[in-house]
Structures are given as C-alpha cells and as structure tokens.
Amino acid sequence: MEKRSILSWLERMDVKLFFGLLFLYQLIFIFQGFDIADEGFHATFYERFYSDPESVQYSFMFWFSGVFGNLFSGFGLWGIRFGGVLVIMATIIATYQLLKRYLNPGHLKLGLFLVTILLNNNRKTIYYDNLSILFYVLIILFLVAGLRDRKLWKFFVSGLFIGACVFTRPPNVTVLGLGVVVLYYAFLYKVSWKVWMLQAVVWVSGFVVASAFLLGVMKMIGHYD
C-alpha cells in the first residue's frame, strides 16, 4: 500500500487550487473584531489621502501605501482588510514563482501554508509592511530572473519595484544593497565586467525612473509639499 503524507498530497495538489484555498482561509478572518489602534490609524490615512492630506501628513512617509490603501478605503475596514489579503496572496504567488525551480513542490507549498497561518494569527490590513514585503519579493524575483536569463528588461523592472518599495517606506532604500548579488553572480559564473556593469546600471536606472515618476505624480496631485 502506498504510504501517503501531507507532503505528497500537497505535491500533487493543483497550484491554482492551493492558492484558492489559501485565499479563502484568509478571508475568514477579515470579518472578525475591530482594532482602533493600527487599523484605525491606517484607515484614517487612506480615507483622507486625497480629501484632507494635511490632516494625515505624518503618514505621508508611507505615501505609496496610501495610494494602494485609498483604492480599498471606500469599502471601510472590510475593504482595507480585503486589500491586505490580496497583498499577502500576491506575495505568496510571487514567492512560489521565485522558488519553484529550486524546491520540492510539496515542501514549498507546506512552507507557504505555514507562513500564511503565521501571518493570519490576527487580521492584516493593507499597509506599508506587507506592501514592502511584496515589493521585496518582486525585486528579488525579477533580479534573479534577469541574472538567469540575461534579460536587461528584467533588471529594469526589478529597479522599478525598488522605487515603489522606497516610496512605500523610506528605510527600504537599503534594498539597493542587493546590488552585491549582481557582483557575486558575476564572480561565480565568470561574467565579464562590461556585462555586469550594464546590468547594474539598468537595475539602478529602473529605480531612478520609478522615483522620478512618483515624485512627479506627488507634485501633480499636490502631495509633494
């Protein structure tokens, strides 16, 4: 008789079904309770992001999270919790795409399931921390793909996400330290200095373009000051 285990079961499970079950699991928690601390803080920021920005100017250090949060604020607290679920799911899917080449599918799905349980020990709204995590994963996903496939446009997209990440939370500028990965990869695989220099320049240029664009948007809608 074939010995069955949760790992073999997860390995055989359709990926779309797996993601769907994780999504439904997280939806259970967004209808429970009310938090007047962080949730209220974020909800007020999103609700007044365009209508009364001066009253929530402290939160403008997390400006890009306000752009996303405002999209869901019209649905109240449920809306920003639902936005949080979408952000976490996007992070899970991006993580799966990043690691599926390197890990056993069963182990990877189990790990993502356990992380999902950990993240949902309380309700998660859409806010700067989970948005930062999403952007970090996307930065790494496209950086690794660029190194593996030698595609410059993937370096550029990775750089664009750095700009989004920094405007979500300014200390995220430290993610530029991932540039050492380009050097390390070049060292391991004997990549010529011209190639890795071009990759690094394109990567940083993506960050510069994204930053300039977002600053321009801030100026245009009156948020720059």
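All of the points below concern the structure found in this document. Given the structure is predicted, the values throughout are model-derived calculations rather than measurements.

## Let's talk about a nonpolar patch on the surface
Item 1. A contiguous nonpolar surface patch, about 510 Å² in accessible area, is contributed by Y184, F187, L188 and Y189.
Item 2. In this fold, F187 is placed in helix α9 (residues 179–188).
Item 3. Its relative accessible area of 61% is what places F187 among the exposed residues.

## What about the nonpolar core?
Proteins that are soluble and globular tend to have nonpolar side chains buried together.
Item 1. With 38 residues, the main nonpolar core has W63, F64, I126, F135, F155 and I162 as its most contacted residues.
Item 2. Elements represented by at least two residues in this core include exactly α3 (38–47), α4 (63–73), α5 (76–99), α7 (128–149), α8 (152–168) and α10 (193–220).
Item 3. With ten residues, α7 is the single largest residue contributor to this core.
Item 4. Filtering out sequence-adjacent residues up to four positions away, I126 remains in contact with Y46, F68, G69, F72, I80, G83, G84, V87 and L131.
Item 5. Within the second largest apolar cluster, 14 residues are counted, among which are L10, F19, I88 and L112.

## As for α9
Item 1. Taken together, the buried positions of α9 are G179, V182 and A186. Buried residues along α9 cover an arc of 50° about the axis, so they all sit on one side. Residues of α9 that are exposed and point over 90 degrees away from its buried face: V180, Y184 and F187.
Item 2. Following α9 by one or two positions, K190 adopts a phi angle in the positive range, close to 55°.

## Comments concerning the pattern of salt bridges
Item 1. All chains considered together, the criterion is met by four salt bridges.
Item 2. As a salt-bridge pair, E39 and R81 come within 2.8 Å of each other at their nearest N and O atoms. Separated by 42 residues along the polypeptide, E39 in helix α3 and R81 in helix α5 bring together distant segments of the chain.
Item 3. Taking the relative accessible area as the measure of exposure, E39 reaches 4% and is therefore buried.
Item 4. R48 is paired through a salt bridge with E47; the nearest N and O atoms lie 3.9 Å apart.

## Re the packing of helix α2 (residues 15–27) against α5
Item 1. Contact pair α2 / α5: the axes reach a minimum separation of 10 Å and the direction vectors enclose 150°. The angle between the axes of α2 and α5 places the two elements in the roughly antiparallel class. Note that α2 runs across α5; the crossing there is right-handed. Listed contacts from α5 to V15, F19, L22, F23, Q26 and L27 of α2 are F82, V85, L86, I88, M89, I92, I93 and Y96.

Conventions adopted
- Residues numbered from 1 in each chain as written.
- Predicted model: local features only at pLDDT ≥ 70, side-chain atom pairs only at ≥ 80, totals over all residues.
- Heavy atoms only, no water.
- Patch = residues over 30% accessible without salt bridge, like charges linked within 9 Å, V, L, I, M, F, W, Y side chains within 5 Å.
- Areas by Shrake-Rupley, 256 points an atom, 1.4 Å probe, with all protein chains shown as cover.
- Salt bridge = Lys/Arg side-chain N within 4 Å of Asp/Glu carboxyl O.
- Helix = DSSP H or I, 4+ residues; strand = E, 2+ residues; numbered from the N terminus.
- Buried < 20%, exposed > 50% of the residue type's maximum accessible area, 1.4 Å probe, protein only.
- Core = buried A, V, L, I, M, F, W, Y, C linked by side-chain atoms within 4.5 Å.
- Contact = heavy atoms within 4.5 Å.
- Arc of directions from axis to C-beta.
- Axes fitted to C-alpha atoms, helices over the stretch in contact; angles between N-to-C directions.
- Parallel < 35°, antiparallel > 145°, perpendicular 65-115°, else oblique.
- Left-handed = near helix turned anticlockwise from the far one by under 90°.

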